[in-house]
There are 2 protein chains.
Amino acid sequence: MTLEKQGAGGEGPSPSRDLRRYAALFASRTRVMTSSVMRDLMAITEHPEVISLAGGLPDTASFPGEEMARVMGQVARENSARALQYGPTDGLASTREAIAQVMAWQGASVEPGDVLVTTGGQQAIDLVCKALIDPGDVIVAEGPTYPGAVPTFTAYQADVVQVGMDDDGMKVDELAETLERLEREGRRPKFIYTVPTFQNPAGVTMSLERRRRLVEIANERELIVLEDEPYSLLRYEGTALPTLLELDGGRFVVHAGTFSKMLAPGLRLGWAIAPRPVMEKLVLGAQSTTLCPSPFTQLFVSGYMASGQWPAYIEELRGIYRTRRDAMLAALEAHFPPSATWTRPQGGLFVWATLPDFIDTTDLLALALSANVAFVPGRAAFVNGDGASSMRLNFSASEPETIDEGVRRIGALVAEQVDLFGAITGSFPAVAGEEPGEMAEVVELPRRDQEQRRQG
Amino acid sequence: MTLEKQGAGGEGPSPSRDLRRYAALFASRTRVMTSSVMRDLMAITEHPEVISLAGGLPDTASFPGEEMARVMGQVARENSARALQYGPTDGLASTREAIAQVMAWQGASVEPGDVLVTTGGQQAIDLVCKALIDPGDVIVAEGPTYPGAVPTFTAYQADVVQVGMDDDGMKVDELAETLERLEREGRRPKFIYTVPTFQNPAGVTMSLERRRRLVEIANERELIVLEDEPYSLLRYEGTALPTLLELDGGRFVVHAGTFSKMLAPGLRLGWAIAPRPVMEKLVLGAQSTTLCPSPFTQLFVSGYMASGQWPAYIEELRGIYRTRRDAMLAALEAHFPPSATWTRPQGGLFVWATLPDFIDTTDLLALALSANVAFVPGRAAFVNGDGASSMRLNFSASEPETIDEGVRRIGALVAEQVDLFGAITGSFPAVAGEEPGEMAEVVELPRRDQEQRRQG
């Protein structure tokens, strides 16, 4: 039997009839559900000849295979029946303790009993939406925001309102104005979504002053803040800042964390920390969708935690990623035209680059894929078509020389577009950071001599 | 910092103020979201002195720890970076091939490319609801139905309409009448949910005739049937029947499977097979909730499949569970009063027992927990309060002598209730199977001489 091709009743229906037939059965949310650009790109970029600066993949090859075998060997010897069995919906005690320890590394003091282990950080975002969002409800997010959160918000038919950013993260003054405006319109947001540290995709970090102000606003207005913090231990320079959770004391901040970036996304383990009444709803949501996080992978985490080697591994990742970030910044300097600007992240996985506004990075991506290089076009990080001239570039998944070659290929395509624009209009584009516009402040202008660069 | 107890702003709020405050933020679905009785019972029954006949736990202790270590050692040596990395949303190719093989063991021919790997069978149910259910939509289910599906349906604010069962599974004539009635009321169901083989909780199996008729009805009415098939390889006697998927040819049947019962629930891996237009929506739903199933556990499955030992393990499980089923049936015969009836499953994990209707099993559970024994009260399998005198008894998770002792304890409590009723009313209750009522036909009357039993 080949599905849809033959069946007990004879010839299968035609695809167009199929679509009509099933369409009446679909929930209304499916009309707005969209695919994650990043997930689609992952499929395209599976070919080994493609240099993918698109994904958000950590360098799992740096995790020693023998260590994985050792930890799982121990789990198998001591705990195989438990690893293979169902576990509690909120997670195994040993994993919740490991998470409390990881939160302590980030400076936040959390009781293991206040931790919900989730199936990746993505499920934490999904469960918060399930608990809070009715169709039409407002979610306030950064602009740009994590492209993978957009399909989740959309699946709950939320109305996403984005607030601008600069090098100090979300513009909290603009947030306050936005909340005022929404209040006048009778639309009270359900939560504010932020990635405060090494933001995905912008790479910038919210300043301490803004963190304090954001928490104040949340408390004044009795609004939830969903703090999505996947990267904070991956800091390559500068000083760590307190989490919003810590500043708020667990009143209105729901904290989402994950093992994906500082250990391994393949485990599909993350967590949520929330005020009790919210936590109860998150647990109910987890019960009804996945029953429980995997004890098999949870015991890997707690076993690895017990080995004491994890801090050294994070230190190793920091070294690897710092080198790659530096390679990317150097490559951008070397290969991108002077009219391009980009952020200079102190940690995390991403640089956000902005090109002259006559370049559409969605169109550019098609050219880039022909040149066997990929990035995430900026529009994926906005719900309203903004970000058209920006792109997210990942530096964690490639070796320095690969990063250089990938950026070189993109830079060559951009230079062609710039030259073409110049030839047609007879003008030379202004530097994006000096232009007015949505993303103008999410830049750190490369300190360079344009003249010197043209000679080099 | 202890969450909710202290914070930057001073003393924490009182719990009642908390609830009021957050209540305005919750989505309307949370007003109907309920906890799974089974999940709650799992927490209660964690104490080692409690004999739990409540859960649906497979006997993971029978899986050899050294085999788990061997498979994971091989994954670590050959594939550690891949196991630890993100994977495709629809699953790794090797796992989808393993699933196609498992479907072949069940007599269904499926292309690996038509398989979506999910985070447990529960996610398959959730994703089907996400794709199909708007608030108020009708889902038709068996009565009793899988207690763990009820919270999922409820979370999507579905209106669950249940159709009676007997020893041949869902009464398909009653289904046809129900669909007629719903049509007259202008309520077209989105899907029909069924566990056709060794049903959870009733233990009964849908006859071939009814399977054919159900598929016909689905095709005539262009309705999805969600075939939830976790147990079909766990057959202890009798002949395997074709899946609804195979009978339908993949037109209107969405098939949900899982590794939980024939391998290990701790892996959190299941699957869905669906007509392409439906599958597209399931994939979008999976993207936005969990991104991808765990490559770490997926590679365990495909590694174990490659070892060729799995069929022998399933055979071993069959032997273990057959013995336990027989122990449970014998224990019921020995310890339950003559007025009780129960099903005699040919496979799976559960027996459904029905007591005289003056006994409420929800009340009985409180007494049972005091006697350190647990079961799932029948009401958990209905949305309308039916099933009050029934219970689900699990035989897969306990040794034969433990099963006997657990049933003995429950039987003693039941006997007390029966005696008390007799003393108060002066009457002896009729056998439930002879009484009219919703569940009257889901019984296989023990062939026994009541007189002999009282002497024994």
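Residues numbered from 1 in each chain as written. Chains lettered and ligands numbered in written order. Predicted model: local features only at pLDDT ≥ 70, side-chain atom pairs only at ≥ 80, totals over all residues. Heavy atoms only, no water.

Caption draft 1: Main features of the interface of chain B and chain A. The interface of chain B with chain A comprises 114 residues on the first partner and 113 residues on the second. Together chain B and chain A conceal approximately 9,400 Å² of surface at their shared face, both sides included; 60% is due to carbon and sulfur atoms. With its nearest N and O atoms 3.7 Å apart, the salt bridge here joins K130 of chain B to D126 of chain A. One can count 39 residue pairs in polar contact (both at pLDDT 80 or more) joining chain B with chain A. Take the side of chain B that touches chain A: its biggest share by element is eleven residues, from helix α3 (residues 65-84) of chain B. By residue class, the composition of the side of chain B that touches chain A is 55 nonpolar, 35 polar and 24 charged. (Contact = heavy atoms within 4.5 Å. Buried area = accessible area lost by both parts, 1.4 Å probe. Salt bridge = Lys/Arg side-chain N within 4 Å of Asp/Glu carboxyl O. Polar contact = N/O pair within 3.5 Å; in protein donor to acceptor, adjacent residues only side chain to side chain. Helix = DSSP H or I, 4+ residues; strand = E, 2+ residues; numbered from the N terminus. Nonpolar A, V, L, I, M, F, W, Y, C, P; charged D, E, K, R; others polar.)

Caption draft 2: Structural view of helix α7 (residues 172-184) of chain B. All names here are of chain B. Spanning 13 residues, α7 covers 18 Å between terminal C-alpha atoms, matching the ideal 18 Å at 1.5 Å per step. Of the positions making up α7, those classed as buried are V172, L175, T178, L179 and L182. Projected down its long axis, α7 shows its buried positions confined to an angular sector of 105 degrees, all on one face. Residues of α7 that are exposed and angled more than 90 degrees away from the buried face: D173, E177 and R184. In this structure, the buried side of α7 is in contact with β5 (138-143), β6 (159-166), β7 (169-170), β8 (189-194) and α8 (208-221). Trailing α7 by a residue or two, G186 shows a phi angle of about 75 degrees, which is positive. (Expected span 1.5 Å × (residues − 1). Buried < 20%, exposed > 50% of the residue type's maximum accessible area, 1.4 Å probe, protein only. Arc of directions from axis to C-beta.)

Caption draft 3: Structural context of the environment of F300 of chain B. Summarising the element assignment, F300 of chain B is placed in helix α11 (residues 295-307). Taking the C-alpha atoms as reference, F300 of chain B lies 9.8 Å from G73 of chain B; in sequence the two are 227 residues apart. If we skip the residues at most four places from it in the chain, F300 of chain B touches L84 and F296 of chain A together with F63, M68, V71, M72, V75 and L267 of chain B.

Caption draft 4: The arrangement of the packing of α7 of chain B against α8 of chain B in detail. Residues and elements named next belong to chain B. Where α7 meets α8, the closest approach of the two axes is 10 Å, and the angle between their N-to-C directions is 20 degrees. With respect to each other, α7 and α8 are oriented roughly parallel. With respect to the hand of their crossing, α7 and α8 are arranged in right-handed fashion. Contacts between α7 and α8 pair V172, L175, A176, L179, E180 and E183 from the former with R210, R213, L214, I217 and R221 from the latter. Of the residues in the contact of α7 with α8, the class split is six nonpolar, no polar and five charged. (Axes fitted to C-alpha atoms, helices over the stretch in contact; angles between N-to-C directions. Parallel < 35°, antiparallel > 145°, perpendicular 65-115°, else oblique. Left-handed = near helix turned anticlockwise from the far one by under 90°.)

Caption draft 5: Representation of the domain arrangement of chain A. Residue and element names in this part refer to chain A. As assigned here, chain A comprises domain 1 (37-61 + 313-455) and domain 2 (65-307). The C-alpha-based centres of domain 1 and domain 2 are spaced at 27 Å. At the interface, 34 residues of domain 1 touch 33 residues of domain 2. Carbon and sulfur atoms make up 60% of the area that domain 1 and domain 2 hide from each other, which totals about 2,900 Å². Between domain 1 and domain 2 we count one salt bridge in total. In this structure, E237 and R325 form a salt bridge, with 3.0 Å as the shortest nitrogen-oxygen distance. Our enumeration of links across domain 1 and domain 2 arrives at 13 residue pairs in polar contact (both at pLDDT 80 or more). Broken down by secondary-structure element, the contributors of at least two residues to the side of domain 1 that touches domain 2 are α12 (310-335) and β13 (350-354). (Domains from an automatic or database assignment.)

Caption draft 6: Representation of the relation of the copies chain B and chain A within the structure. Its rotation angle being 180 degrees, the transformation that places chain B on chain A also includes 0.0 Å of axial translation and leaves an RMSD of 0.0 Å. With respect to symmetry, the two chain copies, as superposed, fit the operation of a two-fold axis. Relative to the rotation axis, the C-alpha of M72 of chain B is the closest in chain B, positioned 3.3 Å from it. Counting the interface residues of chain B, we find that 99% of their copies in chain A are interface residues as well, pointing to one common contact surface. (Least-squares fit on C-alpha atoms with pLDDT ≥ 70 in both.)

Caption draft 7: Examining the sheet that holds strand β15 (residues 376-377) of chain B more closely. All names here are of chain B. One open sheet holds the four strands; their spatial order is β12-β13-β16-β15, and the pairing between them is antiparallel. Strand pairing shows two members of the sheet lacking a second neighbour, β12 (341-342) and β15, which therefore form its edges. Sheet topology places strand β13 (residues 350-354) next to strand β16 (residues 390-394); five bridges connect them, and they run antiparallel. Counterpart to F350 in the pairing with β16 is N394. (Pairing = 2+ DSSP bridges.)

Caption draft 8: Focus on the pairing of β13 of chain B. Residues and elements named next belong to chain B. Where burial is concerned, most of β13 is hidden: five out of the five residues are buried. Side chains of β13 alternate between two faces, with F350, W352 and T354 and V351 and A353 buried alike. Note: β12 against β13, two bridges, orientation antiparallel. Following the sheet pairing, W342 is matched in β13 by A353.

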